[in-house]
Amino acid sequence: ETAEYIKQKLSEEVSAERSLCKYEPSKLLLKQCVLSRLSSCNLSESSCEALSSVLSSSSLTVLDLSNNDLKDSGLKMLSVGLKSPHCKLQQLRSDGLLFISEGCDALASALRSNPSHLTDLDLRYNHPGDTGVQLLTSLQENNCCIFSPSDFCQLFLDSNSAQTELKLSDNNKKATRVEEKQPYPDHQDRFDIWPQLLCGLGLTGRCYWEVQWSGHVHISVCYRGISRNGFGNDCVFGLNALSWSLECSERVAVYVDCAAGSLSFYTVSSGQLIHLHTFNTMFTEALLPGFMLCDNGSSVAMFTSVT
């Protein structure tokens, strides 16, 4: 396809200052570009279809698609271009695309079909699952590519922040609301009224974690300076300028890109990530995951966390 056609296909998703590649005096020559940065551009499926065509017929060698919510459908389209014997791509940054195992299947198939060029593949901050990681690891072992998998960190609930009706278990990975007050010592970080608690680790950069819960729970992030005392809204997750919160009813995934000012919530169901809501703001300091357990018997447990 012509350069002007691809430019038209991308015009709604890519701002003027984030062009697909270098400009020449009179027109955009996609067929000759070697570097494209399309991170955080809200690319759609139509964009992926156009990019797939570019990959299969151009000299593009470096492509940055990080922090675009393409999921499996977008990655499948891109994989068609990667599979082409004419694809010259050497480096692909796909961190934060939030694809899962189906996307890994398509990507692995493309790399097996055309293993000669792509040598550097960044897969951080995605949700490939064990099967997806195994597929791509086998390609790495066969010298098809070198990829960066997700870097895992462990998030633990902070006992010093837990209100006294919240009981911690599983090495501080789970909290349950109970009737009997817990014998926690006095601490300046403890919520004294609202049944809330935080994780102890402040997060910056790009981070992803999953939470399994039951009952009535709010999933949140906040700044460390949120108030801990009294009944006021300044203490309640989501009711002040220091916190963001989602009340939901399934297993939840949270993805935050502090630099881009993006906080997204997803449901996790049958291996699929389904977008619920995205907050866009300017984060000015590290964020703490937080939880409110509204009813007796409600519980929350930390699962995968990636940073």
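- If you look the chain up in an unreviewed UniProt entry, it shows as SPRY-associated domain-containing protein from Neogobius melanostomus.

### Considerations on the overall build of the chain
Item 1. In terms of helices and strands, the chain carries 5 helices and 16 strands.
Item 2. Scored against the burial criterion, the 307 residues of the chain give a buried share of 51%.
Item 3. Put simply, 74% of the contacts in the chain that link residues at least 6 apart link residues at least 24 apart.
Item 4. When the accessible area of the chain is evaluated, it comes to approximately 13,900 Å², of which 49% is carbon and sulfur surface.

### Points about the pattern of salt bridges
Item 1. For the structure on display, the rule yields 4 salt bridges.
Item 2. Of the charged contacts, one joins R177 and E165 as a salt bridge, the two residues approaching to 2.9 Å between their closest N and O atoms. Here R177 is found in strand β7 (residues 174-177), whereas its partner E165 is found in the loop between β5 (146-148) and β6 (166-169), with 12 residues between them in sequence. Like R177, the residue E165 is buried in the burial classification.
Item 3. With its nearest N and O atoms 2.7 Å apart, the salt bridge here joins E210 to R251.

### Regarding the environment of L198
Item 1. For L198, the position within the fold is in strand β8 (residues 196-198).
Item 2. Taking C-alpha positions, L198 is 8.7 Å from C222, a pair spaced 24 residues apart along the chain.
Item 3. When neighbours within four sequence positions are excluded, L198 is seen to be in contact with L157, D158, S161, F191, C222, R228, F237, L288, P289 and G290.

### Here's the deal with the confidence of the model for the chain
Reading predicted coordinates in detail is not appropriate for stretches of low pLDDT.
Item 1. For the chain, the average pLDDT comes to 78, and 73% of its residues sit at 70 or higher.
Item 2. When pLDDT is averaged over each element of the chain, β8 comes out on top at 98 and helix α1 (residues 3-10) at the bottom at 47.
Item 3. A low-confidence stretch, residues 9-33 stays under pLDDT 50, and its non-local contacts, those more than four residues away or across chains, total 52 contacts.

### As for the packing of aromatic side chains
Item 1. Throughout the structure, instances matching the rule amount to 4 aromatic pairs.
Item 2. Pairing W244 with F283 gives two aromatic rings, centres 5.2 Å apart and planes at 80°, and the pair type is edge-to-face. Separated by 39 residues along the polypeptide, W244 in strand β11 (residues 243-247) and F283 in the loop between β14 (272-280) and β15 (288-293) bring together distant segments of the chain.
Item 3. The class of W244 is buried, set by a relative accessible area of 11%.
Item 4. Residue class for F283 comes out buried when judged on its relative accessible area of 10%.
Item 5. Seen from their ring centres, F265 and F279 are 6.1 Å apart, and the 85° between their planes marks the pair as edge-to-face. Residue F265 is located in strand β13 (residues 262-269), and its partner F279 is located in strand β14; the two are separated by 14 residues in the primary sequence.
Item 6. Taking the relative accessible area as the measure of exposure, F265 reaches 0% and is therefore buried.
Item 7. Looking at F279, the relative accessible area reads 21%, which means it is partly exposed.
Item 8. Among the aromatic residues, those joined into a cluster by ring pairs are Y223, W244 and F283.

### Topic: the side chain of H218
Item 1. Inspection of the secondary structure puts H218 in strand β10 (residues 217-222).
Item 2. Discounting chain neighbours no more than four positions away, the residues touching H218 are S245, L246, E247, G290, F291, M292 and C294.

Here is what the cut-offs are and how they apply
- Throughout this description, residue numbers start from 1 for each chain and increase along the sequence as written.
- Where totals are concerned, whole chains, interfaces and linings use all residues; where local detail is concerned, this predicted model gives features only for residues with pLDDT of at least 70, and gives and counts side-chain atom pairs only at 80 or more.
- Heavy atoms from the whole structure form the basis of all side-chain values; hydrogens and water molecules are not counted.
- The helix and strand labels rest on DSSP assignments: H or I over at least four residues marks a helix, E over at least two residues marks a strand, and numbering proceeds from the N terminus.
- For every residue, the accessible area (1.4 Å probe, protein chains only) is compared with the maximum for its type, and the residue is labelled buried under 20%, exposed over 50%, or partly exposed between those bounds.
- Residue contacts follow a heavy-atom distance rule, with two residues in contact if any of their heavy atoms lie within 4.5 Å.
- For the accessible areas, the method is Shrake-Rupley and the probe is 1.4 Å, while residue cover comes only from the protein chains on display.
- Salt-bridge detection follows one rule: a side-chain nitrogen of Lys or Arg within 4 Å of a carboxyl oxygen of Asp or Glu.
- pLDDT expresses how confident the predictor is about each individual residue, on a scale running from 0 to 100.
- Note on aromatic pairs: the rings of Phe, Tyr and Trp (six-membered ring only in Trp) are paired at centre separations within 6.5 Å, and the planes decide the class, stacked below 30 degrees, edge-to-face beyond 60, tilted for the rest.

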